[in-house]
Amino acid sequence: MVMALTPRHWSGLISVLAIEEAVAQIETRLGLSFASDEGLRFRHRDVLIPLVEMAIGARTTDDLAPAFSAHGVCWGPYQTVGEAIADPALVRDNPLFAEIRQPSGFTYPVPGAPGTFCQSNRGNPVRAPFLGEHTEEVLAELLGLGAGEIASLHDRRIVESAVAPY
């Protein structure tokens, strides 16, 4: 998988793939420059992607990997979700994730917030809510219903509260 978001990513990518001349011809034909505008690269991906695909397809990962890394290209090997979850650096040893038992009864990695603001704590990842877990909270705080109105909704079986399955 390859991305070229920054000018350094882009220049590294076209240099490693030796497609500078082809890219320059496209830029001339379109009257623009892809060098520092990722928006233009995205808008014209229909012309750029086949060029990049062909250049990558002509080489092996063993050949490209060190060259991409040496030139600051943003890249990584494609992984299935299962492979990514099994990769310790991506999930198990990553402080962004925590193993949490879910309402389904299964335990799996859950991501927390990917970033924080200065002087704030990221907080721990949390499990998904049980169906109906926040019924009273939503009815009271968001809809402004009183305890009697909420009880009436329960009595008439219009709403229910959650019952933890485990």
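Predicted model, so just to flag it, every value in this text is computed and none were measured.

This next bit is on the overall build of the chain. Check the secondary structure of the chain and you find 8 helices and 4 strands. Starting at the N terminus and walking to the C terminus, you meet the elements of the chain as β-α-α-α-α-α-β-α-β-β-α-α. Across its three principal directions, the C-alpha atoms of the chain cover 75 × 40 × 35 Å. Looking at the chain as a whole, 25% of its 166 residues qualify as buried. In the chain, the proportion of contacts linking residues at least 24 apart, taken out of those at least 6 apart, comes to 51%. Counting only carbon and sulfur atoms, one obtains 59% of the accessible surface of the chain, whose full area is about 11400 Å². Across the chain, 12 positive and 20 negative side-chain charges occur, with their mean positions spaced 1 Å apart.

This part takes up the nonpolar core. Counting 19 residues, the largest nonpolar core has Trp-10, Leu-13, Leu-17, Ile-19, Val-23, Phe-34 and Phe-68 as its most contacted members. Among the secondary structure elements, those contributing two or more residues to this core are α1 (7-16), α2 (20-30), α4 (45-57) and α5 (61-70). With sequence-adjacent residues up to four places away left out, Trp-10 is seen in contact with Ala-4, Val-23, Phe-34, Ala-35, Arg-41 and Leu-48.

Listed as buried for α1 are His-9, Trp-10, Gly-12, Leu-13, Ile-14 and Val-16. Buried residues along α1 sit against β1 (2-3), α2, α3 (38-43), α4, α5 and β2 (74-75). Looking one or two places after α1, you find Ala-18, whose phi comes out positive at around 55°.

This paragraph deals with the pairing of strand β4 (residues 107-111). Across 5 bridges, the pairing between strand β3 (residues 97-101) and β4 is antiparallel. Note on β4: the bridge partner recorded for Ala-98 is Val-110. Connecting β3 to the next strand, β4, in antiparallel fashion are 5 residues, including Gly-105 with a positive phi near 95°.

With that out of the way, let us pick up a nonpolar patch on the surface. A surface patch of nonpolar side chains, about 310 Å² in accessible area, is lined by Val-138, Leu-142 and Leu-143. Structurally, the position occupied by Leu-143 is in the loop between α7 (135-142) and α8 (147-155).

Rules used in this analysis
Residues numbered from 1 in each chain as written. Predicted model: local features only at pLDDT ≥ 70, side-chain atom pairs only at ≥ 80, totals over all residues. Heavy atoms only, no water. Helix = DSSP H or I, 4+ residues; strand = E, 2+ residues; numbered from the N terminus. Buried < 20%, exposed > 50% of the residue type's maximum accessible area, 1.4 Å probe, protein only. Contact = heavy atoms within 4.5 Å. Areas by Shrake-Rupley, 256 points an atom, 1.4 Å probe, with all protein chains shown as cover. Lys, Arg positive; Asp, Glu negative; His and termini not counted. Charge placed at Lys NZ, Arg CZ, Asp CG, Glu CD. Core = buried A, V, L, I, M, F, W, Y, C linked by side-chain atoms within 4.5 Å. Pairing = 2+ DSSP bridges. Patch = residues over 30% accessible without salt bridge, like charges linked within 9 Å, V, L, I, M, F, W, Y side chains within 5 Å. Salt bridge = Lys/Arg side-chain N within 4 Å of Asp/Glu carboxyl O.

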